[in-house]
Structures are given as C-alpha cells and as structure tokens.
Amino acid sequence: MDKEEEKRKKELLRQERAKRAEEKKKGGKKKKEAKETEPGVDLTASRVGLRAYARGRAYDPDRFGGVTPYKDPDQTVDEDAIEKAREAKAEKAEEAALEAEITAKVAAEVEAEYEAGTLKEKTSEEVAAEAEAEAAALADSLKEDAADTLEQADEELEKAWENVTSENPGGEAPKEE
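Attention here is on the structure that accompanies the text. These numbers come from a predicted model, not from an experiment.

1. Observations concerning the overall build of the protein chain
For step 1, the next point in the chain: Within the protein chain, the secondary structure is distributed over three helices and two strands.
For step 2, the next point in the chain: In the protein chain, the succession of α and β elements from N to C terminus is α-β-β-α-α.
For step 3, the next point in the chain: Across the 177 residues of the protein chain, 1% fall into the buried class.
For step 4, the next point in the chain: Total accessible area on the protein chain stands at roughly 18000 Å², and carbon and sulfur atoms take up 53% of it.

Right, here's the structure in full:
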C-alpha cells in the first residue's frame, strides 16, 4: 500500500508540473491592467525625475488655500487705515447684533400672540393698507430731510455770497480768470 500511495503522490506532482509548464508556454505571467484615472488628471505631472515609479503629489497651488500675495516687510504700515477697518468691522458686528436682537424680540412677540390665540391672519387689503401707510410716512420723512438739506444749502450760499461781496466793495462778483 505504501508503494501505491507513493505512486499516486508522484503522479499528482507530475500532473501539477505539467500544468505549470503548459501555463508558462501559453502566456507566462499575466500583465497588470492599467489603472483608470479621473478624467483630466495628468499622471506625468507628479513624476520625480526620470523615475516613472517614483510618484509624488502633483503641484497644486491651491492645495493649502491659495497663493498668499507678497507683502514687503519694509513697507510702512498705515495705522489709520487699519483702525478704520477695525471700526467698520465692529460697526457691522454691532448692526448685526442689533438686527438679531430685534428679530428675536419680534419672534418672541409673535410666538406669545400665537400661544395666547390673539394672532390672526391679515387680509391682503390690510397688508396693502399698512404698506401704503409705511410708504407715506417714509416719503414724508424724506421730504422733510430734503427740505432741511435745501435750507442748509441756501444758508451756506447766502453766507458765501456775503463773504464775496464784503471782499468786493463794488458788490459785483469777482471775475473768473
């Protein structure tokens, strides 16, 4: 039995060797499939020198948030401009905070009215009437502001005319050269 087993093992080994030899004759090693890349990606851009296998990152100027513009370190700093910018930013922040506060108050009032059950829907006529009233009030305030500005301009013009006439005893306006 041992001899029969030995013969069977030898036969299996011989068959395996024969299979390998046939595979070698037919195609040898299988070639690796080319990697599919994203469209628009240039793989040659990231090669290092002549070594095609030594790949690194392709240069991307916006990789860390864009290119920083050059600033001359010896350039004088305009402190007034910086302070104005800070003040403008602080003013915008204050306006935003006030707007948020007003919005929160209005929302709280509306919510309280809704919970109390006193909130009612307005008809389109009521909304239109309120909008017309607001527009009329705004127009009146703009007219008053325009009238005040016009009066101030007239006063400044009269003062300027008085200055010119006091410098010229003849009462005539100076001739332009």
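From this point on, the discussion continues.
2. A closer look at helix 2 (residues 79–116)
For step 1, the next point in the chain: The terminal C-alpha atoms of helix 2, which comprises 38 residues, lie 55 Å apart, in line with the 56 Å expected from a rise of 1.5 Å per residue.
For step 2, the next point in the chain: The positive-phi residue at the C-terminal boundary of helix 2 is glycine 117, with phi of around 85°.

3. Quick look at the pattern of salt bridges
For step 1, the next point in the chain: Taken as a whole and judged by the stated rule, the model has three salt bridges.
For step 2, the next point in the chain: A salt bridge links arginine 20 to glutamate 16, with the nearest nitrogen and oxygen atoms 3.7 Å apart. A residue pair is termed a helical-turn pair when its members lie 3 or 4 positions apart in one helix, as arginine 20 and glutamate 16 do in helix 1 (residues 2–26) at four residues.
For step 3, the next point in the chain: Judged by its relative accessible area of 54%, arginine 20 is exposed.

4. Some details on a nonpolar patch on the surface
For step 1, the next point in the chain: Residues Ile102, Val106, Val110, Tyr114 and Leu119 make up a contiguous nonpolar surface patch of roughly 490 Å² in combined accessible area.
For step 2, the next point in the chain: Mapped onto the fold, valine 106 is located in helix 2.

5. Quick look at a negative patch on the surface
For step 1, the next point in the chain: On the surface, Asp140, Glu144, Asp145, Asp148, Glu151, Asp154, Glu155, Glu156, Glu158 and Glu162 cluster together into a patch of negative charge.
For step 2, the next point in the chain: Relative to the helices and strands, glutamate 151 resides in helix 3 (residues 124–167).

Quick notes on the rules
- Starting from 1, residues in each chain are numbered consecutively following that chain's sequence as written.
- Restriction of local features to residues with pLDDT of at least 70 applies here, the model being predicted, together with a cutoff of 80 or more for giving and counting side-chain atom pairs; totals for whole chains, interfaces and linings are based on all residues.
- As a rule here, side-chain values cover all heavy atoms of the structure and leave hydrogens and water aside.
- Helical segments are the DSSP runs of H or I of at least four residues, strand segments are the runs of E of at least two, and each set is numbered from the N terminus.
- When accessible area is computed with a 1.4 Å probe and restricted to protein chains, residues below 20% of their type maximum are described as buried, those above 50% as exposed, and intermediate ones as partly exposed.
- We get accessible surface area from the Shrake-Rupley algorithm with a probe of 1.4 Å; when it comes to residues, only the shown protein chains can shield them.
- Given a helix with a known number of residues, its expected span is that number minus one, times 1.5 Å.
- Only one rule defines a salt bridge in this text: a Lys or Arg side-chain nitrogen within 4 Å of an Asp or Glu carboxyl oxygen.
- Note on patches: the residues involved have over 30% relative accessible area and no salt bridge, like charges join within 9 Å, and the nonpolar side chains Val, Leu, Ile, Met, Phe, Trp and Tyr join within 5 Å.
- In this count, Lys and Arg are taken as positive residues and Asp and Glu as negative ones, while His and the chain termini are left out.
- Note on charges: their place is set at NZ of Lys, CZ of Arg, CG of Asp or CD of Glu.

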